[in-house]
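An overview of the molecular structure
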Amino acid sequence: MRLLTHLKPLLAAALAVVAVPVAAQDQPFADYVEHLKSRALAEGVSPSTVARMTIGLEPNDRVIRLDRAQPGRPTRTGYPPLAPYIARHVDSARINGGRREYQNARSIIRAVEAEYGVPGEILVAIWGHETAYGRVKGSFDLSQALATLAWEGRRRELFEGEFIALMKVADRGYSRSQLKGSWAGAFGNPQFLPSVYLRLATDGDGDGRADIMNNRADTLASIAAYFRDSGWRKGQPWGVRASLPQGFDVAQYKTKLRAPVCSRVHERHSQYKTVAEWRELGVRAQRVIADDTLVSLFQPDGPGTRSWMLTTNYRVILEYNCSNYYAMSVGLLADEVAR
């Protein structure tokens, strides 16, 4: 799912036309790298950066295998239950680690919350899910991974653009050894793609550098910038537990909206109604939430199981990673960190 992060619309369009992988042998890899170098230079990257970021590049077969193993069009075989996923991803290690990081960064978090309006526990939860609070950031050489994916050709426009963006990131003074991450090009504590780094990475401590690889303040401010850019509404929770009257059928309120991106994620949510309107139908929020807040109902594991009211802020979490499993685990981990 991390491949969907940050570039879902472009990626969704690409996935729709790649049932048969395109062979990359339309030109030798070395020739294609020369094309990448020329484009980077034309877009203002310094010759020294281009040279140090491309020396010795060879295609990585493992990256191609991992990319081709990603699902294309989703099947209709149903949804795995949420509860086991939550048990694995909102465990004591992540909860305790999140509480520890929150305490260690309390002054930073207060400043970030004041500027961006995003709760600190949400920022910490994203960090925890993406890289286990910085412990698991990926070890792929980003130059090699992105050049390989662009050359392979299945999503050339996407990955060639990310390769050029990586050159621009490197041109800000980062060494090639620092620029390591996932096979799909995401890097740093928040696992930003290079183009997202260029657009939203933030200097959180005023030292003139947005170091999302090692700097806690920069990491948290950058995640907050991403959430604000995606439309986070200050003062609203991501969601709250809901109690339903006996026999209540959430399916009767199925949404009529058709999401152009990540449709299977959004189709599982009900229509939006205000908290007051749901209460008239017998649905009760289990935490305080304003009556005029628009929420949808989500009962991921079917009738008789736990339910939530989800605000539009939940959809902001989905902008980070388009998966109900991911978004629910982020929200629930944030609740535990705050508790």
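In short, a report on the structure. Because the structure is predicted, anything quoted here is derived from the model rather than measured.

Looking now at the state of the cysteines. A complete count under the given rule lists one disulfide for this structure. Shown here is the disulfide that connects Cys-262 with Cys-322, its sulfur atoms set 2.0 Å apart. Taken together, the positions of Cys-262 in the loop between strand E3 (239-243) and helix H13 (263-266) and Cys-322 in the loop between helix H15 (312-320) and helix H16 (324-338) put the pair 60 residues apart, joining distant regions of the chain. In terms of burial, Cys-262 and Cys-322 fall into one category: buried.

Another aspect to go through is the packing of aromatic side chains. Summed over the entire model, instances satisfying the criterion amount to 13 aromatic pairs. Geometrically, the ring pair formed by Tyr-174 and Tyr-197 is edge-to-face, given 6.2 Å between the ring centres and 85° between the ring planes. Of this pair, Tyr-174 sits in the loop between helix H10 (156-170) and strand E2 (180-181) while Tyr-197 sits in helix H11 (residues 194-200), and the two are 23 residues apart along the sequence. Take Tyr-197: its relative accessible area is 2%, and that puts it in the buried class. Aromatic pair Phe-227 and Tyr-320: ring centres 6.0 Å apart, planes at 45°, arrangement tilted. Taken together, the residues span a long stretch of sequence, with Phe-227 in helix H12 (residues 216-229) and Tyr-320 in helix H15 at a distance of 93 residues. The exposure class assigned to Phe-227 is buried, which follows from its relative accessible area of 0%. One aromatic cluster is present, formed by Phe-192, Tyr-226, Phe-227, Trp-232 and Tyr-320 through successive ring pairs.

The next subject is H12. An ideal rise of 1.5 Å per residue puts 20 Å on 14 residues; H12 measures up with 20 Å between its terminal C-alpha atoms. Across the 14 residues of H12, eleven count as buried, placing the element largely inside the fold. Turning to H12, its buried residues are Ala-217, Asp-218, Thr-219, Leu-220, Ala-221, Ser-222, Ile-223, Ala-224, Ala-225, Tyr-226 and Phe-227. Residues of H12 that are buried sit in contact with helix H7 (106-116), helix H8 (120-131), H11 and H15. With a side-chain oxygen lying 2.9 Å from the backbone nitrogen of Ala-217, the N-terminal cap of H12 falls on Asn-215. Of the residues one or two after H12, Gly-231 is the one with positive phi, at around 105°.

Once that is clear, we can look at the sheet that holds strand E7 (residues 307-310). Spatially, the five strands line up as an open sheet ordered E4-E6-E7-E3-E5, and their pairing is antiparallel. Only two strands of the sheet have a single neighbouring strand rather than two, namely strand E4 (273-274) and strand E5 (284-285). Alignment of E3 against E5, held across two bridges, turns out to be antiparallel. For Ser-243, the partnering residue across the bridge sits in E5 and is Arg-284.

Inspection of the sheet shows E3 paired to E7 by four bridges, in the antiparallel sense. Looking at the pairing, Arg-241 lines up with Trp-308 of E7.

Glancing now at unusual backbone geometry. Phi at Ala-132 is positive, roughly 50°, even though this residue is not glycine. Take Ala-132: it is sitting in the loop between H8 and strand E1 (140-141). Residue classification places Ala-132 among the buried positions, given a relative accessible area of 17%. Its identity as a non-glycine residue notwithstanding, Tyr-133 has a phi of 60°, on the positive side. Mapped onto the fold, Tyr-133 is located in the loop between H8 and E1.

What counts and how
- Residues numbered from 1 in each chain as written.
- Predicted model: local features only at pLDDT ≥ 70, side-chain atom pairs only at ≥ 80, totals over all residues.
- Heavy atoms only, no water.
- Disulfide = S-S within 2.5 Å.
- Helix = DSSP H or I, 4+ residues; strand = E, 2+ residues; numbered from the N terminus.
- Buried < 20%, exposed > 50% of the residue type's maximum accessible area, 1.4 Å probe, protein only.
- Phe/Tyr/Trp six-rings, centres within 6.5 Å; stacked < 30°, edge-to-face > 60°.
- Expected span 1.5 Å × (residues − 1).
- Contact = heavy atoms within 4.5 Å.
- Polar contact = N/O pair within 3.5 Å; in protein donor to acceptor, adjacent residues only side chain to side chain.
- Pairing = 2+ DSSP bridges.

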